[in-house]
Each structure stands twice: as C-alpha cells, then as structure tokens.
Amino acid sequence: MSEANPLCLFWEGFEPAGWSERPDGTLLLRLSACPATRPRCGGCRRPVAIVHEHGRRWIRERDLIDRRLWLDVPVRRLRCGHCGIRTEHIPWLAGRRALTAALARHAETLARLWPIRQVADLLGLHWHTVKALDAARLERELLTPDRSRVRRLIMDEFALHKGHRYATVVACAETRQVLWIGEGRSRAAIRPFFEWLGSACDRIEAVAMDMNTAFDLEVAAQCPNAVVVYDRFHVIAKFGREVIDRVRVDQANAVGKDRGARRAVKRGRWLLLRNRQHLNTRQAIRLDELLAANAPLMQVYLLKTQLKELWFAPTVAEARQRWTDWYQLAMETGLAPVIRFANTLKRYVEGIVASVHYRLNTSVLEGMNNRIKVLKRMAYGYRDSAYFFLKIRDAFPGNAR
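Below is a summary of the structure that appears in this document. Note that the coordinates shown come from a computational prediction; the quantities given were computed from them, not determined experimentally. (Residues numbered from 1 in each chain as written. Predicted model: local features only at pLDDT ≥ 70, side-chain atom pairs only at ≥ 80, totals over all residues. Heavy atoms only, no water.)

In terms of regular secondary structure, the protein chain is built from 15 helices and 10 strands. Over its C-alpha trace the protein chain gives a radius of gyration of 31 Å, far above what one expects of a compact globule, namely 21 Å for 401 residues. In terms of principal-axis extent, the alpha carbons of the protein chain reach across some 95 × 55 × 35 Å. Within the protein chain, buried positions represent 44% of all 401 residues. Considering only contacts within the protein chain whose residues lie at least 6 apart along the sequence, 56% involve residues at least 24 apart. Total accessible area computed for the protein chain in this model is approximately 21,600 Å², and 52% of it derives from carbon and sulfur atoms. Taken together, the 67 basic and 42 acidic charged side chains of the protein chain have centroids lying 3 Å from each other. (Helix = DSSP H or I, 4+ residues; strand = E, 2+ residues; numbered from the N terminus. Rg over C-alpha atoms; globule rule 2.2 N^0.38 Å. Buried < 20%, exposed > 50% of the residue type's maximum accessible area, 1.4 Å probe, protein only. Contact = heavy atoms within 4.5 Å. Areas by Shrake-Rupley, 256 points an atom, 1.4 Å probe, with all protein chains shown as cover. Lys, Arg positive; Asp, Glu negative; His and termini not counted. Charge placed at Lys NZ, Arg CZ, Asp CG, Glu CD.)

This is the structure:
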C-alpha cells in the first residue's frame, strides 16, 4: 500500500512512479498521486473530490548526493464548492516557485553565511531566486523594534555606493539593535525615522552622532528632551584629516630640497594618525624621530592626544576646563589648520561635554561601519538598497538588556 512507502514522507500525497537520467546528467523522478489521499483546495485547504483538470510541473528538489534532482509532479485543478476552480495545495512546494520547500529552506540557510552568488552557483539556481528567498526570510524573521524601550540612540552615515551616495543608520545605544536605515544623510532623509518613532521621541535622552549639522538640527526639532553627544572617534578622525594631514603636507613642502627630510615627513602619515599603543617598537622609534625633528608636527600630535581627554573628564567642570586649555594651546600654535579646526569645534563643545553624563560607547559606531563594509565586500556590493538594509538589520539584531 502507498501508506507504507517511506518515500511518501518526502512528498506528502505522492509516491515515486519511475525515474530517468537526462542528457545533462540530472535525474528526473516521476511522481504519481497517492490514490488514498484526497487533494486539498489551494484556497480553503478543504479536501476536494472533483478534479477539473490534470497537469504536470517540473520542480527542483535538493541534490541527490552529486546529482541535480528534478521532480515531474502531477498538479490538479480542483472544483471546490467554496472557492471555485483552484489549483490543489501541495504542502512541500515553495509556493509558485518551481522548487520544493526543502530546497528553499536549504538556500535560505546557506544565504545566512555566503553571498547569494555563491549560493546560486552551488545549488544551480538563478541569482534572483536566491535573493528573493533570502529577502523573504529576512522579512519573515526580522522583529519590529520595541519603540517604547528606546532611550538612547546612535546615528551614523555610511557610503552606500560610489559617487558620494550615503545612507543613515540609527541604532539603540543600549541593545546595539539597528532600528532604522534610510538613503541619504539630510534632515529630510532621516525624518521618516522620527515619524516611525512617534510619541517615543519625547522619551529619547541622548543621541550620539558625528558633527553632522543635519542630524543635530533634526534631533533638536524632533526630540525636545534629547542631549546630543558628539562621537569621539569621528572628531579625532576629522582632526586627523583636516589638521594633521594638512600640517604634514605643509611641512613636507617647507623642507624644500632636503629629499630625505621630505620623504620622512610624507611617509609619516600613518605614524601620526595611529594611536601610539598600536605601533610596534620600530614604528614608535620612527615616530619619535619624526616628532623630534619637526616642531609643528609635534604640536599637532600632542594636540590630538590631549583632545581625546575631553571625553574622559570625570565632571562637567573638568571637561570645560580641559576644553579651555586645549583651545588656548591650539590658538598659540599659530598654525592655520589648527586654528580653523579649533574655531569650528568651538560650536560643538556642549555635545562633547555631554559625554560626562552619557558615556555612549563610540566603538559601537566604528564596529557597525566595519561590519557593513564586510557585508558589502562579501557581496561585491548591493544593487538593491532595500535588500541591503534588511541584511544590515539582520546583522545587528541587538543584545538582550
């Protein structure tokens, strides 16, 4: 009897009736409907006795060891008393796609780990099929963030594509869960996030960000009780780009025809930008020699070190005093890039001082950006931003509080 056939466990309601090998080496397994199993309506799922039409479909199944496996499946059109004429419901098929649910689940599992191109090549499926399966899984599994529990936010931008196209990501500072992602970095671009947040905007206490005026203004407009905290990593990185690099280039040009000194200054970029604790012994010696031979570089290097201390002040009064001391030293250098940066930073002091009360971990932003870059490299970029944003949300589901 068909009920005793163990192969019916794989294809409920059907049993193998024969097989053949195709010229390309794939196997074709022909199935037939089990006579003892009544087909079910594709709409209401009720058993139906009247068959309106017979047809057959070729369906991809998971590989059988090293062979591609196709199923030749009889698919009936039923005359249902409740739904009319409907195609029968076959539970082990992946909807309208020409593959089984088992193969779809296998593709979804692999897509968690590998780029979709590799999964498609391995399984012999089209790239768009694997992408659609993975996107459907993400939509199904990703949980809607609990807005009522969000108190502190992290906002950052990242490069979406070449050509200065950016996207903004917003995460919960406490759970590290990505709450929202959108294209652009303007006030209008991030406004949908606050619209999604709704009344929870009033409960936001602090928002960590870089010195992006658009972010600052929109947070002030949407979250009346929030304090802006400027991220230490971004400020120091900005100091490196706008001050250290500029002074280094100026000093390389100033040494003139001294090719040895010019080469030492030009090659010292990463020595000046990296933290000393990350240098090996040989690099530390080179850095000391470079700083001893060039007073302006010594000044900006010490200013960079002292600037970091603003984020570690124990009290607000101490933070303000450290800023006053740093600003005075910057003015006394007489170096145009330093003075220009100090005057710019002066407008953001309150956001730096706020770090005394809100010790938002700045490494979260950098770690998030690095993970996003890894996702892009693995896939050689994403053409579909919506799918890319789902992958980012999946990579940062958040930690339990």
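Now that the structure is up, let's keep going.
With that settled, the discussion passes to the side chain of Lys391. Of note, Lys391 is situated in helix α15 (residues 385-395). Take Lys391: its relative accessible area is 10%, and that puts it in the buried class. Look past the residues within four positions of Lys391 in its chain and what remains in contact with it is Ala111, Asp134, Leu138, Leu375 and Tyr382.

Quick look at the nonpolar core now. Inside soluble globular proteins, nonpolar side chains tend to come together where they are buried. Met155, Val219, Leu307, Trp326 and Leu345 are the most contacted members of the largest nonpolar core, which has 60 residues in total. Considering every element that reaches this core, the biggest residue donor is helix α6 (residues 232-254), with seven residues. Once residues within four sequence positions are removed from consideration, Trp326 is found in contact with Phe239, Leu303, Gln306, Leu307, Phe341, Ala342 and Leu345. Of all hydrophobic cores here, the second largest spans 45 residues; its members include Leu123, Ile181, Met368 and Phe389. (Core = buried A, V, L, I, M, F, W, Y, C linked by side-chain atoms within 4.5 Å.)

According to the stated counting rule, one finds 13 aromatic pairs in the structure shown. Summarising the aromatic geometry, the rings of Phe14 and Trp92 are spaced 5.7 Å apart at their centres and angled 90 degrees between planes, so their arrangement reads as edge-to-face. Of the two residues, Phe14 is situated in strand β1 (residues 14-21) and Trp92 in the loop between β5 (84-87) and α1 (101-111); the sequence distance between them amounts to 78 residues. Among the residues examined, Trp92 registers a relative accessible area of 9% and is labelled buried. Clustering of aromatic rings is evident, with ring pairs tying together Phe239, Trp323, Trp326, Tyr327 and Phe341. The ring centre of Phe396 lies 6.0 Å from the NZ or CZ of Arg371, which sits over that ring. (Phe/Tyr/Trp six-rings, centres within 6.5 Å; stacked < 30°, edge-to-face > 60°. Lys NZ or Arg CZ within 6 Å of the ring centre and 35° of its normal.)

Before going further, it helps to spend a moment on the side chain of Asp134. Residue placement: Asp134 occurs in helix α3 (residues 127-141). Classification of Asp134 as buried rests on a relative accessible area of 0%. A distance of 3.1 Å separates the side chain of Asp134 from the side chain of Lys391, its partner in a polar contact. In this structure Asp134 touches Ala111, Tyr387 and Lys391, once residues within four positions along its chain are discounted. (Polar contact = N/O pair within 3.5 Å; in protein donor to acceptor, adjacent residues only side chain to side chain.)

This next bit is on the sheet that holds strand β6 (residues 152-161). Pairing between the strands of a sheet comes from backbone hydrogen bonds, and it takes one of two forms, parallel or antiparallel. The mixed open sheet is built from five strands, whose spatial order is β8-β7-β6-β9-β10. The outermost strands of the open sheet, each flanked by one partner alone, are β8 (178-183) and β10 (227-230). For this sheet the average axis-to-axis angle between neighbouring strands, irrespective of direction, equals 25 degrees. Where β6 lies against strand β9 (residues 206-209), three bridges are found, and the strand directions are parallel. Paired with Leu153 across the two strands is Val207, which belongs to β9. (Pairing = 2+ DSSP bridges. Axes fitted to C-alpha atoms, helices over the stretch in contact; angles between N-to-C directions.)

This part covers the pairing of strand β3 (residues 51-64). Inspection of the sheet shows β3 paired to strand β4 (residues 67-80) by 11 bridges, in the antiparallel sense. Bridged to Val51 within β4 is Leu78. From the end of β3 to the start of β4, which pair antiparallel, there are two residues, and Ile65 there has a positive phi angle of about 60 degrees.

Turning next to helix α9 (residues 281-293). Compared with an ideal rise of 1.5 Å per residue, which puts 13 residues at 18 Å, α9 spans 19 Å between its outermost C-alpha atoms and is within 8% of the ideal. Taken together, the buried positions of α9 are Ala284, Leu287, Leu290 and Leu291. Angularly, the buried residues of α9 cover 125 degrees about the axis, an arc narrow enough to put them on a single face. Facing away from the buried side of α9 by more than 90 degrees, the exposed set consists of Thr281, Arg282, Glu289, Ala292 and Ala293. On the buried face of α9, the contacting elements are α7 (259-266), α8 (269-273) and α10 (295-308). Looking at where α9 begins, the residue whose side-chain oxygen comes 3.2 Å from the main-chain nitrogen of Arg282 is Asn280. (Expected span 1.5 Å × (residues − 1). Arc of directions from axis to C-beta.)

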